[in-house]
Structures are given as C-alpha cells and as structure tokens.
Amino acid sequence: MSNAFKEQLLKAGLADPKKLKAAKKQQHQQRVQSGKNQKVVAEATLLAEQRRQEQVARDQELNRQKEQLLQKKAIAAQVSQLITSNTIKPSGEVAFNFTDGKVVKRLYVNNKLHSELTRGLLSIVKQGENYVLVPAAIAAKIAQRQPESVIVQQDRPVEQADEEDPYAAYQIPDDLMW
C-alpha cells in the first residue's frame, strides 16, 4: 500500500496500525522468498551460455575428426612398415593371375613362390600402385589394420565332401594355372 492510502485508512478507522505492520512484514517476506526461489536471468546470459555450449560441441567434433585422421595416418604408417620390412621380391617366369577389384592383374613369380601362393603361405598386398608378396601371417596383420590393402590371401578351410557330389572323385589340383 502506498503511504497516502495507508494514512487515509488509518484516519477512517478501517485499518489497525498493528495489522498494517503485519501486512507490510508479510509482503516483505514474500518478496524476499520469491527472490530466492526465482533467479533473475538475463537474456544475454542465456545466449552467452548457449553459444558457449555450441562452441564446446563444435570443438569436440573437430577434436574427434583430428583424432580419427591421426589414427588413420598411424595405421597407414604401421601397414607401410609391415610391408616394407616383410616384402618378398617376386622374380621368375611363371605368371600368377589375380584380381584387384574388377581388373585381372598378373605377377611373375618362380615355381616355388607360385606354389606358396596357391597353398596360402604367401599373400599379395598392394602398396601404392605396386603389388608385393608377404607371408600370410603378415598379411593377416595387415588385413586387421587395413583390409583394402590385402589383394590375395588364400585361407582354404578343409571342405567336407558332399556325399551325393558326382565329381567328388575328381579333385582340383593346387597348382592349376589359369
């Protein structure tokens, strides 16, 4: 209540000074309590907090992308190291044909390397634009890190012969050249 209104009520005898003090005290307590319960938040503060959270999210995404790029580079370096330290030089006159995607490629090897390739002891791995021979164990390690680098890897599980197969008696030779 405003002061003039209070004075008018007191003069008219409609209000008691004790009741006015109690009402004033109660209003004061309500204002204090409402101030404690409700935080006064400026709009600028909300916008600043929102922008800060957007910036944090953007920074986290950039850090994640940088981390992925560094992991890819580290894996590529590991694969390159494995290939260069375990390369077997293909030399010979026997052609070993293999496919790289949809293209048939040819690598000239000697009879011993050809036999090892067909039995799965050696594998062909692509390094840049070149194809090199590596031991099968090394090719398995490379395939774990970078599967697109391994071109030929012979993993021949022992097949169970079908009882009704009419060609079961005719085995395909391991050194079949195509």
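One can find the structure itself at the top, above this paragraph.
The sections below set out a description of the structure shown in this document. (Residues numbered from 1 in each chain as written. Predicted model: local features only at pLDDT ≥ 70, side-chain atom pairs only at ≥ 80, totals over all residues. Heavy atoms only, no water.)

For the rest of this paragraph, the subject is the pattern of salt bridges. Applying the stated rule across the entire model yields three salt bridges. For the salt bridge of Arg-52 with Glu-49, the shortest nitrogen-to-oxygen distance reads 2.6 Å. Of this pair, Arg-52 and Glu-49 are both found in helix H3 (residues 43-86), three residues apart, which corresponds to roughly one turn of the helix. By relative accessible area, which is 32% here, Glu-49 ends up partly exposed. (Salt bridge = Lys/Arg side-chain N within 4 Å of Asp/Glu carboxyl O. Helix = DSSP H or I, 4+ residues; strand = E, 2+ residues; numbered from the N terminus. Buried < 20%, exposed > 50% of the residue type's maximum accessible area, 1.4 Å probe, protein only.)

Another aspect to go through is the packing of aromatic side chains. Enumeration over the complete set of coordinates arrives at one aromatic pair. Centre to centre, the rings of Phe-98 and Tyr-131 are 5.2 Å apart; their planes meet at 70°, and the pair counts as edge-to-face. You can see Phe-98 sitting in strand E1 (residues 94-100) and its partner Tyr-131 sitting in strand E4 (residues 130-135), a full 33 residues away along the chain. Assigned by exposure class, Phe-98 and Tyr-131 land together as buried. (Phe/Tyr/Trp six-rings, centres within 6.5 Å; stacked < 30°, edge-to-face > 60°.)

The strand order across the open sheet formed by three strands is E4-E3-E5, and the pairing between neighbours is antiparallel. Strand pairing shows two members of the sheet lacking a second neighbour, E4 and strand E5 (150-153), which therefore form its edges. Averaged over all neighbouring strand pairs, the angle between strand axes comes to 25°, with direction disregarded. Sheet analysis places strand E3 (residues 122-127) next to E5, joined by three bridges and oriented antiparallel. Within E5, the position partnered with Ile-124 by the bridge is Val-152. Packing of H3 onto the sheet brings it into contact with E3 and E4, and relative to E3 it is tilted by some 125°. The strands touched by helix H4 (residues 111-119) within the sheet are E3 and E4, with E3 carrying the most contacts at an inclination of about 95°. (Pairing = 2+ DSSP bridges. Axes fitted to C-alpha atoms, helices over the stretch in contact; angles between N-to-C directions. Contact = heavy atoms within 4.5 Å.)

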